[in-house]
Structure formats: C-alpha cells, structure tokens
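# Coordinate inspection notes
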Amino acid sequence: MHLILTEDIPKLGDAGDLVKVKAGYGRNYLLPRGLAQLATPGRVREFEHQKRVIEEKTKKAIGVLQGVAAEVTRVSLEFEMQSNAEGKLFGSVGNSDIAARLKELGHAVERRKIELDEPIKQVGEHLVKIRLHREVRVEIAVRVVSSGIAPESLTEEELQSRAEVAMDEAESLERADEDERH
C-alpha cells in the first residue's frame, strides 16, 4: 500500500514522504489516526507542490539565520559568579541566563535553542552550542569568572585568618584617627 505521510513518523519517514507499507499497518494504524493519506495521483502532485513551497521558505529562512549566526559568533559572554576556592560555582549559569544576556546585547535567541547538556557550574571558559535551525548551528564562548570566594566555602582557619586581618586593619585605622586628633 502506498501512502503519503502527513506527520513525521520515526523509522518510517517525514511528513510529505511517499512510503510503501503493509496494508494492515496502513489501514488499521496510519489512516485512522490521520498520520497518512492514500497516495492517489492528485494527492501526490499536491504534496509535491507543497513540498517545493516549504523548501523555498526554508531556504530563505536559512539564509536569514546564517546572517544571525555570523553576528552571534562574534559575541563572547562573561558571567561573574561567587565560587569556592576550587572554582565551583554557588549556583549555575543555565540556558535562560545565556538567552537573557544575548537579548541584552540585541540578539533574540530562544532559550530552547541553546544546547547545554547541564548548567555551567565551574569557573572558566565554556563553548556553548546554539541551534538556530536544524541546518544552522553556532558556538559561542561563555566565560565564567569568580566574583570572590563566598564565606560559606572557607575553612574555619581561613575564616579566623580573615577575621584577624580585619581586626588588625580596624585597629590601625583607629590609631590613625587618634594620631590625626592629637
């Protein structure tokens, strides 16, 4: 049985494809669910015409998106986050953070198009893939720097040492104030 698919079906074909299937599969599954139509000569011509129209629109869209991709590749993002002494972030940089920063720079990229396996949780330089279209992909550099070590990540000795330094600085400022008064 020859059918024209109206939707993408994994392991069978994409919408608009002319496929040959067993009669029972077509009659009992594909046709009742509206996933395919019988391949009559008139329908084949109609779907071929629609396919050409869609291909032309897709080519134009790809051309525009390649221009956007060229602009986005020049962008380098930097995020300043608190981290511990080993460079592990308190929090993370996710695709919504990257999308918001790109929007601030004038590049409207949907967060769903930013491909991160998992949020960035480490200080350093990271390459992030952006899929603007199935045929147009781009990578941008995302740099995460530490804004300082968060007090929660310090050991007891480090906290004590910092407290002593702060006390010494406070005492020296008090002495300087006293000297100015005399």
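Residues numbered from 1 in each chain as written. Predicted model: local features only at pLDDT ≥ 70, side-chain atom pairs only at ≥ 80, totals over all residues. Heavy atoms only, no water.

### Details of the overall build of the chain
This is how it is decided: Secondary structure elements follow DSSP: runs of H or I no shorter than four residues count as helices, runs of E no shorter than two count as strands, and numbering proceeds from the N terminus. Type-normalised accessible area, obtained with a 1.4 Å probe on protein chains alone, sets the label of each residue: buried when under 20%, exposed when over 50%, and partly exposed for intermediate values. Residue exposure ignores everything except the shown protein chains as possible cover, and the areas themselves are Shrake-Rupley values with a 1.4 Å probe.
A count of helices and strands for the chain gives four helices and nine strands. Listed N to C, the secondary structure of the chain is β-β-α-β-α-β-β-α-β-β-β-β-α in terms of helices and strands. Of all 182 residues assigned to the chain, the portion counted as buried reaches 25%. Carbon and sulfur atoms form 49% of the exposed surface of the chain, whose accessible area is close to 12,900 Å².

### Observations concerning the nonpolar core
For clarity, the cut-off: The set of buried Ala, Val, Leu, Ile, Met, Phe, Trp, Tyr and Cys residues whose side-chain atoms join them within 4.5 Å is what this entry labels a nonpolar core.
Among the nonpolar cores identified, the biggest contains 23 residues, and I98, L102, I130, I140 and V142 are the most heavily contacted of them. Broken down by secondary-structure element, the contributors of at least two residues to this core are α2 (41–73), β4 (76–83), β5 (88–93), α3 (95–104), β8 (124–133) and β9 (136–149). With five residues, the single largest contributor to this core is β9. Counting eight residues, the second-largest nonpolar core is a separate cluster that includes L3, L5, I9 and V21.

### Quick word on the confidence of the model for the chain
When pLDDT is low, close inspection of the predicted coordinates is not appropriate. Applied cut-off: As a per-residue measure, pLDDT tells how confident the predictor is, with possible values from 0 to 100.
Scored by pLDDT, the chain comes out at a mean of 84, with 87% of its residues at no less than 70. Least confident of the elements in the chain is helix α4 (residues 156–181), whose mean pLDDT is 69; most confident is helix α1 (residues 23–30), at 95.

### What about α2?
The following threshold applies: In a helix, the anticipated span is given by 1.5 Å times the number of residues less one.
When the terminal C-alpha atoms of α2 are compared, their 47 Å separation across 33 residues agrees well with the 48 Å that a helix rising 1.5 Å per residue should span. For α2, the set of buried residues is F47, I62, A69 and V72.

### Describing a negative patch on the surface
Note the threshold: Two distance rules govern patches: like charges are joined within 9 Å, and nonpolar side chains (Val, Leu, Ile, Met, Phe, Trp, Tyr) within 5 Å, applied only to residues with over 30% relative accessible area and no salt bridge. In what follows, salt bridge is the name for a side-chain nitrogen of Lys or Arg lying within 4 Å of a carboxyl oxygen of Asp or Glu. Asp and Glu count as negative and Lys and Arg as positive, but His and the ends of the chain are not part of the count. A single reference atom marks each charge: NZ on Lys, CZ on Arg, CG on Asp, CD on Glu.
A grouping of E174, E178, D179 and E180 is seen on the molecular surface, where their side chains present a negatively charged patch. With a relative accessible area of 59%, D179 lands in the exposed category.

### Looking at the environment of E7
Here is the rule we go by: In what follows, a contact means two residues having at least one pair of non-hydrogen atoms within 4.5 Å.
Secondary-structure assignment places E7 in the loop between β1 (2–5) and β2 (18–20). Judged by relative accessible area, which is 42%, E7 ranks as partly exposed. With sequence-adjacent residues up to four places away left out, E7 is seen in contact with G13, D14, A15 and L35.

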